[in-house]
Structures are given as C-alpha cells and as structure tokens.
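Here is what each chain is made of, one letter per residue.
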Amino acid sequence: MKVLLDIQALKTPRGIVATIVVLLCGLMPIIAPAIGESFYVDVFARTMIWAIAAVSLNLIMGYGGMISFGHAAFFGIGAYTIGILAFHGVTSAWVQWPVALILSALVGLVFGAISLRTKGVYFIMITLALAQMLYFLSVSAQRYGSDDGLTINDRSDFGIGFFNLDDDLTLYYLIFAVLLLCVYVSWRIVNSPFGMVVRGAKSNDNRMQALGYPTTRYKLTAFVIAGVMCGMAGVLDANLEEFVSPDALNWPRSGEMIFMVVLGGMGSLFGPVTGAVVFWLLQDFLANWRGFIGDHWAIIFGPFLILVVLFARGGIHGLVDRLFSRKGGAQ
Amino acid sequence: MNYVLFAEQFLNGFQLGMILFLLAAGLTLVFGIMDLVNLAHGSLYMLGAYFAATFSHLTGSFVWAILLAVPAMVAAGIIIEMIALRTLYARDHLDQVLATFGLILFFNELTRIVWGPEGQVIPLPAYLDGSVALPLGIDYPVYRLVIIGCGLAVALGLWVLVSKTRIGMLIRAGSSNREMAGALGVNIATLFTVVFGIGAALAGFGGMIITPITQAEVGMGEIILIQAFVVVVIGGIGSIKGAFIAAILIGVIDTMGRSFLDLLLLFILPANAAEAAGPALSSMLIFILMAGILFFRPQGLFPPKGAR
Amino acid sequence: MLRKTLMAASAFALMAATSVAQAAEIKVGFITTLTTGAAVIGNDMKKAVDLAVEHMGGKMGPLDLEVIYADDEFNPQKGKQATERLVKRDDVDIVAGYIWSHVLLASKNVVLDEGKFLLSANAGPSPMAGEQCHKNFFSFSWQNDQTPMAMGELLNQRGVKSLYVIAPNYAAGQDMVAGAERTFKGKIVGKDMTAWPTQKDWAAEFTKVKAANPDGVFTFYPGGHGPAFLKQYEQAGLTGKVPLYSVFTLDAISLPLLQKAGMKSAMGTYMTQFWVQDLDNAQNKRFVADFKKKYGSYPSFYAAQSYDAMFAIKAAVEAVNGDLKNMDGMRKAFESADFPSVRGSFKMGPNHFPIQNFYAREVVADADGSWTTVNRGVVLANHQDSYASKCNMKM
C-alpha cells in the first residue's frame, strides 16, 4: 500500500502514531493471547468496525465539511440487511453483501439529496432527523424483533472452504483488511480531482461553483460513498456480534462516531482509526475501574470530550504533530 | 370517532406544543443570537425538573417549588454559560455539537450521583389534580389546561420582552447583526449570558411543569430535545414566532397522528397491516414533515430577516 | 511456527488460570444494569445477590464464592463486551443476571460457545424458550407471555367483558399484549401501541378510553413510565371509573415513589406475577425480612429472581460437591430445580424455563402504612410457557 510504504509519510509523527495503531490492530490476535488477555481480540475487532465507520464519516465531515449527525443510520442499514436476509434463510455473502451496500447507497442518495439542500445547523439537524426516522422504523419492526433486536444464527457464507467467517480469526483479518481498504480508498478519493472539488467546496463553496463545478452533485457523490462504506461497517458488525438491534442506529451512536473522528484528528487519513481505538480502550478502561469512577465513568468521559474539543485541535494526530514536529503536520 | 374526542386530542396536542415551545424558544434564541448549537439544552430541561422536585419535597408546595426553581435555573444557566459555553461561541458547529454532547453525558451522570437513578415525583395540590367540564361535554384534566395557560403566558411575555423592551431590542440587534450591535456599544458578552439564562429558565420551566404528569428522570431531556430541534428547524432558526407556530404544529400533528393515523390507514391498508404500520408511521411523522418542509424551504417556515 | 509457540503459550496461560480457579473457588459473573436510569433495577438485583452471598456465608458447598458484577449500560453491544470480559478475562465459572432481552440475545453465544452455564435472572425472550433453547441455558424468571396470560385469566375471573389495551410498541410490549389476548375471553374494544421509550404522555389514549368506556384497562409500562401512566390515569379522571389491570408496571421499586407522590389511584389495582412478597414459605420469609432489614424497602420481583438464581447455583455446586467440571451433574441439578426457592417449589420445564404458579397481586398498605402488594390467590397453577413445544434440546 502506497500510503504505508511512503517512507516520508511514515517518518512524520502522525505517521508513526498511525503505524503503531495499524500494527496494534494487525497483531492483536497474537499479542493478546501472549499476554493472557485474549479478551482484547474481541475488543479490537469491534473497535476496527467502528473505525471503518469513523473513516467513512471523516470522508464527508473532515474533507467535505458535511457534519452528518445521522451517520449511524448507514451502520444500521448494513447490519439490518444481513440480519433480515439471514432471518429469511439467505446467508450467502454474495447476495447479502451487495444488497446491503446497494441499499446503503440508495438511502445515501435519498438522504443526501434531501439534506444537501440545506447548510450549517440545518444540515446537522436534518441528518439527525432522517436517521431517527429509521431508528423508529426499526423499533416498530415487530417481525424483526423490534427493540429486542434480531439474533443472527449464521454468519455470511462465502462458499469458500478456507475462507469461513465462522472462524473468528478469519473474520478478524477480514475486518482488518476492509479497514485498510477503506483508508486506502479514502486516500485515493481525497487526492483525486473529485476529492479536490469536494475539499474545495468545504473551504469555499461559492468559488468552486463559480469555477463551474456542480458542487452539490460532488458532495452528494461523496455522501453516498461514505454511506456505502459505513454500511460495510454495519455488515461486518452483524457478522461479528451475530446480533443487530435498533440501538445500532440510535443518535448517540452517530455522536460517538463524530467524536472518534474528532478525537483522532479530523481530515487526517488515519485519524479516525486512532480515534476509534482510543475511544474504545478509554471507555473500557474507565467503565471497569472498580468503585465510584467505574460506576460513574461518564462524569469523567463527558468533560474529557469537552477538553478534547477545547484544547486538542486536530485531535490526537494534531497534538502529536505539535508536540514532536517543528515543521508541523506533513499533510 | 366523534368531535369530542377530536377536540380533546387537539387540546392534548396543543399542550404538548406548549412544552415543546418552552424548550424551542430558548434553543432558537441561543441558535439565532449566539450561533451556538446546544445539545445540552435538554439537560437544562432535566435539571429544572429535578430542582422543582427537590424544592417541592422541601417546601411541600408545588407553587413554591416553581417559584424557587425558576431563579435557580437562571443561576444555573448563567454559571453553565460562563464556565462551559462561552469559549464555544468562536468555534464551529462541530466543536459545539461535540462539547455539548459531552455536557449531556456529564449532566446525566451528575444527576444520577446527586439524586440517584430512580425518578423523582412532584405531587400536585388537590385543586390542580382533577378534571374539569368544558363546553361541548369535554371532560379535561385541569393541570393540562394550566400547562397550556403557562405556555401562552410565556409566549406573550417573550413577545413583550423582545418587541417592547430595551433588552429585547438588543436581542433583535444581536440576532440580525452581531458586529453592528457590538459597534453600537452593546456589551455582547453580557447580552449572551442574559439570553442564555433566559433560555435555561424557559427550558427548566418546561421540565418543571411536565414533571407532575410524567416524572423527573435521568435522560428525559434527550428524547424531547430532538423534537424541539425539529420545531426550531421547521420554525426557522432564531425566530420565536416560528418556534411558537412550529411547536403547536408538531404537538398537534404528533398527537393527532398517534390517535387517528391507524384509523386513516384502514382506508388504504388491510386491518393487520394498518395496525402494524400505524405506530411506526406516527412516530416517524414529524421527521417526515420536517424533511418535507426543509426540502421546499431550506431555511424553515420563518427565516429571520437578515439571516446569515 | 510463531503461531504455534504463541498458542502453546496461551494454552499454558489458560491452564494456569484454571488451576488458580480450582483453588476451591467458584466465580459467578453477574450482569445487570448499574449505570443509566435503568440502574434502579440493577441495584435492586445487586442487593439481592449481595444478600444471598451473605446468607450463604460466602460459600457454595465446599467452594468459596466470588461474585463479579458487570454493567451492560442498557446497551446490547456493551452488554456483550461485558460478557466477553467476564468469560474470557475474569474466567468466571457461571454467568447469571440479564435484565434485558436484547442484551441477553446479543450476549448468550459468548457464554454458551465457551461451554459455560448461562442463567437468566429476568430476561425471558421467546426464542430462548423455543427454537434457540440450549442445554446450558436456564431461566429463573419466566417467559414473557406467561404473566399476561395469567392476567387474561384474571380478567375472565373478575368478569371483565370489554377491555382497552395500552402498551408500548416494542418487543416486550407486543409479547404482553399477545399473551393477554391469548387467554382473555371478552372483547377488546380498543388497542393503542405507543412509541417506546419516547412517549410518556397518554392524553390521547386516555381520551379514547373515555370514549370507549370499557370494563377495564390492561397495561404494561415498565420502569419510570409506570408511575407517569398511573398519575395521568388519575388526572384524566379514569380512576374509580375504569379499573386498571397491569403487568410489570407497579413493583416494589415504583410503589414507594407513588406513595411519596400521594397517588392513591394505585391502591386496589391488580396485577399478576409468579411471586408475591407474602408467599408463605421459609425461604421467602427469610429473604423478604432480611432484605427489608438490610435495605429498608421491600424487595422487587427482580430481586427475588436474582436471589433464586444464586441459590440454584449453590444447589448445583453442592450436587457435584464442588467439582465444577461435572457439567452433566450440575445440569441435572438445575433441571431438578431442587433448591429452596422464594416462590415455593416449582418444576423446571424441558426448555429450561420454570413451570410455576402465577398469582393475583393487589396493591395495599402494610401494617406500617408502606405500600406493597399481597397475594390474592393462584390464577394459573403450574403454568408452562407456550414455546416449550418448539424447543428441541440438543444434548
């Protein structure tokens, strides 16, 4: 992968952080059992799925300036497609996955077309409202367990002997590969002429339009791509958890995704991955603190969020840049 | 179905609209004047409810509880503004969304630590606790009429405040052109603090008066907050008139939808499909409405003049 | 090559862990909700488990007992992660608890795939009683449909001919309504399924009830919704006009709150349940008396189930004399349900859900004036849930 093999990029502080995070994700199935903490393999599998969602959100939020407060909707669509198809006995991944991704794209198209008519706060609110609509739909879907959720008895079946998702390790490395692929795709998009237009529209929409670019159409395309990517995260989540419930698309999930992106560093390629890892590890750490803090960990976590917003501009990656680099960020 | 049922449902919707208005009024002011997205506005609603419950417990009087809790909310609002929100005005919407999301977590947990996880109740005095016979043979709970009355009174008070007083003039100046207001010698920082204090009191008041019919609970603010956002966005950000009209609209449509949608669906769907689709559709109704309105009027129904 | 060494290393670590656990100790992981507003329920369950440990003197048979509590945050994904932590990190021997169906359904495979016992102290979703029943899963509560089925029967017994149903529109709400409809013989004149958990105002529904003027209203609103429902029922002027019948709406957690608010409309209302605090057996008397003494309030049914689950584990440990590897022996003990239960004696059905009595409970004030419920007789005797026939238990 060019992004990783670019030695110059690796040498920057944020490159080093990204490398550490990627190595951690990649080697966790070996590290964790070795130190007698195989539990963390599951934690990392889950974390990487959220990282995929965060990477997809970063694409529109970090590079396109579209603050979507309803991104969890796509996560839910991906997961529910797997769940519902499995419920009806369709377990072939060759059917499930394309259906899930196409559905995500279609919903992205509709939601994007509606919400991109608005700007600023209106955009935040309308994406929130549209996602809540789907949330309520999933709660009322009696057939599919409504808010008890839907148990998925069989993971997606690729029909390939050695590539069986029932094997946890295979699933783990599939998630890992998809994560890297998503980062790679983001990188390609961001640096393509298409991405330049989207980024240009973020800083000055009017100018891009004056230059003759139909920015809304560009933004809509980015919105759909991000939706599909997040739908993919949902597909993987349904396979990992073997369960899906409306909770997966409720609005706090969207808020957490935004936080992962900002925590890691918005508009930096690996930022959301770092953000997701730190987010989950920190929550796990705080929630399992015995005593008062463990019982009331949100009293620490809430102010932490505010502090990150106030003092860590550019998230962890930005912070690392400022701490260790005289030249500032390489990007 | 008969007209009495219909009339009662309309009143019910109107009452929900009043609560939504109390939240939305503060929200839209803060949005419009300070350009601040405050997700934690629902926490103020919750705090108001808990304050009133505590005062009601201490004084044994519902009226005293409200009289004490409102100034307490103004104070709480001012403190929150000065400590946490002031630094956010200069930030972009994303930072505001995140930081106030953090505030929600904080306040929910704080409430749980201080008051415990169980709900808090506010008993009503006997004279508010029954129902009253209205014309047309409608039997209606007294207290719900009181809520409607409170909502209308607050709306009137706000209208007087904004259009007839000096502070209202400043608010109007601040919302249409902040730099100009600053140039005219208005102390913007103080103005913002005052406006936030008013918004906090309104939201808290909403929480206080709803608690006798529901109860004070951790997380009660988030559920209604999203509805209040819908109201603000439909009404047009910064417009109190818009918030008032949109709140009633949402309250009535939501209530009417819950009561009559399944009956309407019976005309086009078989019985069991209508029974299944009715609740799903009625809980989605206000969001569909919002999406529809924004599609045709991206700035809401009453975009304030001189909007950015 | 590397993998092999590491696997050996991890196998060694695992062996070390088990040998420590065998140092005459049993670890029970107990999952419930300890944060968010739903912690009211979780805390009550935790109190009961603490009391059980105290009553057992911290021992189960020859083994020292350690209970590790875990919080599901009222969220299936977090619940699953907490379960993984208990099973894979804390290496507990048995996992118990679970208030919420969605958390249980999301987490069950983590425990069952490791070949450990999973005991529910509340959640009883229908798949677990039917197609997805499992040899190592046991419920010490009830299946969702049973309580409302008892309610339907109670309504028949009390001569209710026309009924109005108001319940939340989610899985448990739908189960409750379906259960009551199954046994109720009169006519259902109106049914409203409300948005959950957003809707906490029933003005619209009560207006319709008044128009329909039924013999009774049946409802189900767990948690904080219950008191709110009752309060508005009173304000709408329905108290005294239309009797209210509820399941899982009033309990030992909500009644003190209602009393504080002076909501007399709760008085005299009926509900059905598998247990009542005044059931006449030695185990229950000790449980209720000591719970009241220690915590100053009546135990809820959540507490009763949790207390029972702990004593069931104790009986199983004693049956195999502390040999936790003897899964078959422990399973037999769970299946026999031969332990002192607060609900008196009951049988474990073939799908590992209890076959038990359901009682009518009426809300009254006790000798000290505290509001509680008392037993008004058996409504359904030795009742088995309706999913048992769908269970094909694989051994």
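Residues numbered from 1 in each chain as written. Chains lettered and ligands numbered in written order. Predicted model: local features only at pLDDT ≥ 70, side-chain atom pairs only at ≥ 80, totals over all residues. Heavy atoms only, no water.

A closer look at the overall build of chain B
For clarity, the threshold we go by: Helix numbering and strand numbering both begin at the N terminus, where a helix is a DSSP run of H or I of at least 4 residues and a strand a DSSP run of E of at least 2. For a compact globule the rule gives 2.2 Å times the number of residues to the power 0.38, and the radius of gyration it is set against comes from C-alpha atoms. When accessible area is computed with a 1.4 Å probe and restricted to protein chains, residues below 20% of their type maximum are described as buried, those above 50% as exposed, and intermediate ones as partly exposed. The contact criterion used is simple: two residues touch if any of their non-hydrogen atoms lie within 4.5 Å. Per-residue and other accessible areas follow the Shrake-Rupley method at a 1.4 Å probe size, with only the shown protein chains counted as cover for residues. We treat Lys and Arg as the positive residues and Asp and Glu as the negative residues; His and chain ends play no part in the count. Where a charge lies is defined by one atom per residue type: Lys uses NZ, Arg uses CZ, Asp uses CG and Glu uses CD.
Looking only at helices and strands, chain B features eleven helices and two strands. In sequence order, chain B lays out its α and β elements as α-α-α-α-β-β-α-α-α-α-α-α-α. The C-alpha radius of gyration of chain B comes to 20 Å, within 12% of the 19 Å expected for a compact globule of 308 residues. Dimensions of chain B, computed from the C-alpha atoms along their principal axes, are close to 60 × 50 × 35 Å. Relative to its full complement of 308 residues, chain B shows a buried share of 60%. For chain B, long-range pairs separated by at least 24 residues make up 77% of all intrachain contacts whose partners lie at least 6 apart in sequence. For chain B, the computed accessible surface area is about 11,400 Å², with 72% contributed by carbon and sulfur atoms. Averaging the positions of the 13 positive and the 15 negative side-chain charges in chain B gives two centres separated by 17 Å.

Comments concerning the overall build of chain C
Counting its secondary structure elements, chain C contains 13 helices and 14 strands. Against the 2.2 N^0.38 benchmark of 21 Å for 395 residues, chain C shows a C-alpha radius of gyration of 22 Å, consistent with a compact globule. Referenced to the eigenvectors of the C-alpha coordinate spread, the extents of chain C come out at roughly 75 × 45 × 35 Å. Buried positions account for 65% of the 395 residues belonging to chain C. Across chain C, contacts joining residues at least 24 apart in sequence account for 74% of those joining residues at least 6 apart. Accessible area of chain C: about 13,300 Å², with a carbon and sulfur share of 53%.

Focus: the pairing of strand β4 (residues 94-97) of chain C
All names here are of chain C. Formally: Note on pairing: DSSP must find at least two bridges between two strands before they are called paired.
Burial of the side chains of β4 extends over both faces: I94 and A96 are buried on one face and V95 and G97 on the other. Relative to β4, strand β1 (residues 25-32) runs parallel, the two sharing four bridges. Among the inter-strand pairings, G29 is bridged to a residue of β4, identified as V95. Two elements, β4 and strand β5 (residues 117-120), share four bridges in a ladder whose sense is parallel. The partner of A96 across the bridge, within β5, is L119.

Quick look at the sheet that holds β4(C)
Residues and elements named next belong to chain C. With respect to topology, six strands assemble into an open sheet ordered β2-β3-β1-β4-β5-β6, the strand pairing being mixed. Each edge of the sheet is formed by a strand with only one pairing partner; in this case those strands are β2 (59-60) and β6 (137-139). Bridge count between β2 and strand β3 (residues 63-71): two bridges; the pairing is antiparallel. Its bridge partner being in β3, K59 is matched across the sheet by D64.

Concerning the interface of chain A and chain C
Often, the extent of an interface is quoted as the loss of accessible area on bringing the components together. The criterion, for reference: By convention, the term buried area covers the 1.4 Å-probe accessible surface removed from two parts as they join, with the contributions of both added. Any carboxyl oxygen of Asp or Glu within 4 Å of a side-chain nitrogen of Lys or Arg constitutes a salt bridge here.
Taken together, the 40 residues of chain A in the interface contact 31 residues of chain C. Between chain A and chain C lies a buried interface of about 3,200 Å² when both sides are counted; carbon and sulfur atoms form 48% of it. Counting across the chain A and chain C interface gives five salt bridges. Taking the shortest distance from any N to any O, the salt bridge between D284(A) and R85(C) comes out at 2.5 Å.

With respect to the confidence of the model for chain C
Residues and elements named next belong to chain C. The criterion, for reference: Note on scores: pLDDT gives the predictor's confidence for each residue, bounded by 0 and 100.
On average, residues of chain C carry a pLDDT of 89, and 94% of them reach 70 or more. Note that residues 1-9 has pLDDT below 50 and, in this model, three contacts with residues that lie over four places away or in other chains. The model gives residues 15-22 a pLDDT under 50, and that stretch makes three contacts with residues more than four places away or in other chains. Interface predicted TM-score (ipTM) for the complex: 0.84; the corresponding pTM is 0.87.

Examining the nonpolar core
Keep this limit in mind: What makes a nonpolar core is a set of buried Ala, Val, Leu, Ile, Met, Phe, Trp, Tyr and Cys residues whose side-chain atoms join them at distances within 4.5 Å.
Judged by nonpolar contacts, the single largest core of 215 residues is most densely connected at F75(A), W97(A), M125(A), L236(A), F21(B), M34(B) and M290(B). Ranked by the residues each element gives to this core, the list is headed by helix α4 (residues 39-61) of chain A, at 18 residues. Sequence-distant contacts of W97(A), that is, excluding residues within four places in its chain, are made with I82(A), S156(A), F158(A), L165(A), L174(A), M232(A), V235(A), L236(A) and N239(A). Counting residues in hydrophobic clusters, the runner-up holds 135 residues, among them I99(C), V209(C), L244(C) and A360(C).

So, the domain arrangement of chain C
All names here are of chain C. For clarity, the threshold we go by: Annotation comment: domain bounds sourced from an automatic or database domain assignment. Definition of a polar contact: a pair of N or O atoms within 3.5 Å, with one able to donate and the other able to accept a hydrogen when the atoms are protein atoms, and with sequence-neighbouring residues admitted only if both atoms are side-chain atoms.
We note that the domain assignment places domain 1 (2-142 + 281-355) and domain 2 (146-273) within chain C. With centres defined by C-alpha atoms, the gap from domain 1 to domain 2 works out at 32 Å. With ten residues of domain 1 at the interface, the matching set in domain 2 holds seven residues. Counting across the interface, domain 1 meets domain 2 through zero salt bridges. Connecting domain 1 to domain 2 are zero residue pairs in polar contact (both at pLDDT 80 or more).

Some details on the interface of chain A and chain B
Contact with chain A, which involves 42 residues of that partner, is made by 40 residues of chain B. A buried area of about 3,800 Å², summed over both sides, lies between chain A and chain B, and 82% of it is on carbon and sulfur atoms. Run the count over chain A and chain B and you get zero salt bridges. Remark: the boundary between chain A and chain B carries seven residue pairs in polar contact (both at pLDDT 80 or more). Going through the elements one at a time, α6 (93-115), α7 (120-140), α12 (251-264), α14 (292-295) and α15 (298-311) of chain A are the ones with two or more residues in the side of chain A that touches chain B.

Concerning the environment of M257(A)
Residues and elements named next belong to chain A. As for its placement among the helices and strands, M257 is situated in helix α12. The exposure class of M257 is buried, given its relative accessible area of 0%. Residues M257 and L57, spaced 200 residues apart in sequence, show a C-alpha to C-alpha distance of 7.5 Å. Other than its neighbours up to four places away in sequence, M257 contacts W50, A53, L57, H71, A72, F75 and C230.

Considering the packing of α4(A) against helix α8 (residues 168-190) of chain A
Residues and elements named next belong to chain A. What counts here: Lines are fitted to the C-alpha atoms to define the axes, a helix being fitted only along its stretch in contact, and any angle between axes, read from their N-to-C directions, falls within 0 to 180 degrees. Geometric relationships in this document are graded by angle, where less than 35 degrees denotes roughly parallel, more than 145 denotes roughly antiparallel, 65 to 115 denotes roughly perpendicular, and other angles denote oblique. Helix crossings fall into two classes, left-handed where the near helix is turned counterclockwise from the far one by less than a right angle and right-handed where it is turned clockwise. Lys, Arg, Asp and Glu make up the charged group, whereas Ala, Val, Leu, Ile, Met, Phe, Trp, Tyr, Cys and Pro make up the nonpolar group; the residues left over, Gly among them, are polar.
As a packed pair, α4 and α8 sit with axes 10 Å apart at the nearest point and diverge in direction by 20°. Overall, the two elements α4 and α8 adopt an arrangement that is roughly parallel. The two elements α4 and α8 meet at a crossing, and its hand is left-handed. Contacts between α4 and α8 involve V41, F44, A45, M48, I49, A51, I52, V55 and L59 from the first element and Y172, I175, F176, V178, L179, C182, V183, S186, I189 and V190 from the second. A breakdown of the residues in the contact of α4 with α8 according to their chemical character gives 18 nonpolar, one polar and no charged.

Re the packing of aromatic side chains
In plain terms, the rule: Under the pairing criterion, centres of Phe, Tyr and Trp rings, with the six-membered ring standing for Trp, must be within 6.5 Å; the plane angle then separates stacked pairs below 30 degrees from edge-to-face pairs above 60, leaving the rest tilted. Ring-over charges, as used throughout, are those where CZ of Arg or NZ of Lys falls within 6 Å of the ring centre and within 35 degrees of the ring normal.
Counted under the stated rule, the structure contains 61 aromatic pairs over all chains. Here the aromatic rings of F229(C) and Y233(C) are separated by 6.1 Å at their centres, their planes lie at 20°, and the arrangement is stacked. Separated by four residues within a single helix, F229(C) and Y233(C) lie in helix α9 (residues 225-235), roughly one turn from each other. Residue class for Y233(C) comes out buried when judged on its relative accessible area of 2%. Through pairs of rings, three or more aromatic residues link up here, namely W50(A), F75(A), F259(A), F279(A), W280(A), W297(A), F301(A) and F304(A). Cation over ring: R117(A) sits above F295(B), and NZ or CZ is 4.6 Å from the ring centre. Looking at K292(C), its charged tip hangs above the ring of Y298(C), at a distance of 4.1 Å from the centre.

Points about the packing of α12(A) against helix α13 (residues 271-287) of chain A
Residues and elements named next belong to chain A. Where α12 meets α13, the axes come as close as 6 Å, and the angle between the chain directions of the two elements is 115°. With respect to each other, α12 and α13 are oriented roughly perpendicular. Crossing of α12 over α13 shows right-handed handedness. Here α12 contributes E256, F259, M260, V261, L263 and G264 to the contact with α13, which in turn contributes G271, P272, G275, A276, V278, F279 and W280. A per-class count over the contact of α12 with α13 returns nine nonpolar, three polar and one charged.

Regarding the state of the cysteines
All names here are of chain C. Here is the rule we go by: Disulfide assignment relies on a single distance test, namely cysteine sulfur atoms paired within 2.5 Å.
Tallying each qualifying case throughout the model produces one disulfide over all chains. Across the disulfide from C133 sits C391; the S-S distance is 2.1 Å. Negative torsions about the S-S bond denote left-handed disulfides, and the value of about 85° found for C133 with C391 makes this one right-handed. Placement of C133 in the loop between α5 (126-129) and β6 and of C391 in the segment after β14 (371-383) is noted, with a sequence separation of 258 residues between them.

Observations concerning the environment of A195(C)
Among the structural elements, A195(C) can be located in the loop between β8 (187-194) and α8 (203-212). Along the sequence, A195(C) and A167(C) sit 28 residues apart, while their C-alpha atoms lie 9.1 Å from each other.

Considerations on the pattern of salt bridges
Tallied over the full model, the rule gives 33 salt bridges over all chains. The salt bridge partner of D42(A) is K88(C), with a shortest N-O separation of 2.7 Å. Here D42(A) is found in helix α4, whereas its partner K88(C) is found in helix α3 (residues 76-89) on a different chain. Residue classification places K88(C) among the partly exposed residues on the basis of a relative accessible area of 28%. D247(A) is paired through a salt bridge with R253(A); the nearest N and O atoms lie 2.7 Å apart. Each of the two residues, D247(A) as well as R253(A), counts as buried. Several salt bridges share partner residues, and in doing so they unite R46(A), E241(A), K80(C) and E84(C) into one network.

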